[in-house]
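# Notes for the structure review
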Amino acid sequence: MSHDPLIESPNLIIKALSHPDHELLAPHLERVPLERDDVLARTNEHIRHMYFLEGGVASMTALSADGERTEIGVIGFESVSGHAQVLGSDRSPHETFMQIGDTHALRIESGRFAAAVEQSQSLRQIVLRLIHTSMVQMSQSAVAYARFQIEGRLARWLLLCRDRTETDDLKLTHEFMAAMIGARRSGVTLALHVLEGAGLIRSARGTVTIVDREKLLDLAGDSYGLAEAEYSRLIAPFGLPRSA
């Protein structure tokens, strides 16, 4: 356990905390490694810990009756997992797992975090603002699924990953991308060819490289950007804005 009064971390929520809130959380935070496929919260199981990610990307997914996962939201170094705990539930019907790992997180027991939120009005405010931005992101996921073809949904998802990894080289397989945007693998392969042919990306085995972010933004349209703008307005600058 770390007992420093101030925690150094790239996590934007940790950075945004007031000095008293740092002191409130610091004795209970533990830095742990995270790898791809590590599960942060299991479907309908007690949320034991919450994780302030310091890198990588985690997916929040809904599970269908036949066992297929559909992504409903993503988090990275701008967020913390386990929102249900703060909203009065000790579990969630959704699963959260690392889709891009090899990173670290600051972990805290969920009960201790919930108690800290009850104790501190300023901490409660920032957590509620974070939950608000997560809800906005989920609403944009609904917009993407309802109004956009696979190329637009893929463009949005690549932008979400780019914002959280801060690199144009994304380690992703076609199978994984298909599961995350609710498409068949063959459809993702075709969409990647379309995006590559238009000069938006380069696709190699296990890696997608973003070449033209502005064109990806155009393709993603209004399914991307609102959640990032709300986060930047309420918590801290996040996401790369469009070029002037």
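Residues numbered from 1 in each chain as written. Predicted model: local features only at pLDDT ≥ 70, side-chain atom pairs only at ≥ 80, totals over all residues. Heavy atoms only, no water.

### Digging into the nonpolar core
- Judged by nonpolar contacts, the single largest core of 31 residues is most densely connected at Leu154, Trp157, Leu158, Met177, Ile201 and Leu216.
- Secondary structure elements with two or more residues in this core: β6 (95–100), α6 (150–165), α7 (174–181), α8 (185–197), β10 (207–210) and α9 (213–220).
- With 8 residues, α6 is the single largest residue contributor to this core.
- Excluding residues within four positions of it along the chain, Leu158 makes contact with Leu170, Leu172, Leu195, Ile201, Val208 and Ile210. (Core = buried A, V, L, I, M, F, W, Y, C linked by side-chain atoms within 4.5 Å. Buried < 20%, exposed > 50% of the residue type's maximum accessible area, 1.4 Å probe, protein only. Helix = DSSP H or I, 4+ residues; strand = E, 2+ residues; numbered from the N terminus. Contact = heavy atoms within 4.5 Å.)

### Here we look at the environment of Gly221
- Position of Gly221 among the secondary structure elements: in the loop between α9 and α10 (226–234).
- What makes Gly221 partly exposed here is its relative accessible area of 28%.

### Topic: the layout of surface pockets
- In this structure, the largest pocket occupies an estimated 310 Å³ of space.
- As for the largest pocket, its lining consists of 19 residues, of which Met60, His83, Ala84, Ser92 and Met138 are closest to the centre.
- Residue assignment for the lining of the largest pocket shows that the elements contributing at least two residues are α3 (83–86) and α5 (121–147).
- With 4 residues, the single largest contributor to the lining of the largest pocket is α5.
- Partitioned by chemical class, the residues of the lining of the largest pocket number 10 nonpolar, 8 polar and 1 charged. (1 Å grid on protein atoms, 1.4 Å probe; cavity = no way out; pocket = protein on both sides within 12 Å on 5 of 7 lines; lining within 4 Å. Points joined across faces, edges and corners; volume = space filled by probe spheres on them. Nonpolar A, V, L, I, M, F, W, Y, C, P; charged D, E, K, R; others polar.)

### Description of the side chain of Ser141
- For Ser141, the location among the structural elements is in helix α5.
- Overall, Ser141 belongs to the buried group, its relative accessible area being 7%.
- The contact partners of Ser141, leaving out residues within four places of it in the chain, are Ile72 and Arg156.

### Description of the sheet that holds β10
- Read from one edge of the open sheet, 3 strands run β8-β10-β9, paired in antiparallel fashion. Looking at which strands have only one partner, the edges of the open sheet turn out to be β8 (169–171) and β9 (201–204). The mean angle between the axes of side-by-side strands here comes to 20 degrees, regardless of whether they run parallel or antiparallel. (Pairing = 2+ DSSP bridges. Axes fitted to C-alpha atoms, helices over the stretch in contact; angles between N-to-C directions.)

### A closer look at the packing of aromatic side chains
- Taken as a whole and assessed by the stated rule, the structure comprises 3 aromatic pairs.
- On the numbers, 5.7 Å between centres and 70 degrees between planes, the contact of Phe52 with Phe113 is edge-to-face. Placement of Phe52 in strand β3 (residues 49–53) and of Phe113 in helix α4 (residues 110–119) is noted, with a sequence separation of 61 residues between them. For the pair formed by Phe52 and Phe113, the shared burial category is buried.
- Judged by centre distance (5.4 Å) and plane angle (55 degrees), the ring pair of Tyr231 and Phe238 falls under tilted.
- For Tyr231, a relative accessible area of 3% puts it in the buried group.
- Linked through ring pairs, Phe77, Tyr231 and Phe238 together constitute an aromatic cluster. (Phe/Tyr/Trp six-rings, centres within 6.5 Å; stacked < 30°, edge-to-face > 60°.)

### A look at the pairing of strand β7 (residues 103–109)
- For strand β1 (residues 30–34) and β7, the ladder comprises 5 bridges, and the chain directions are antiparallel. By the bridge assignment for β7, Arg31 is matched with Leu106.
- As paired elements, β3 and β7 share 5 bridges and run antiparallel to each other. Bridged to Tyr51 within β7 is Arg107.

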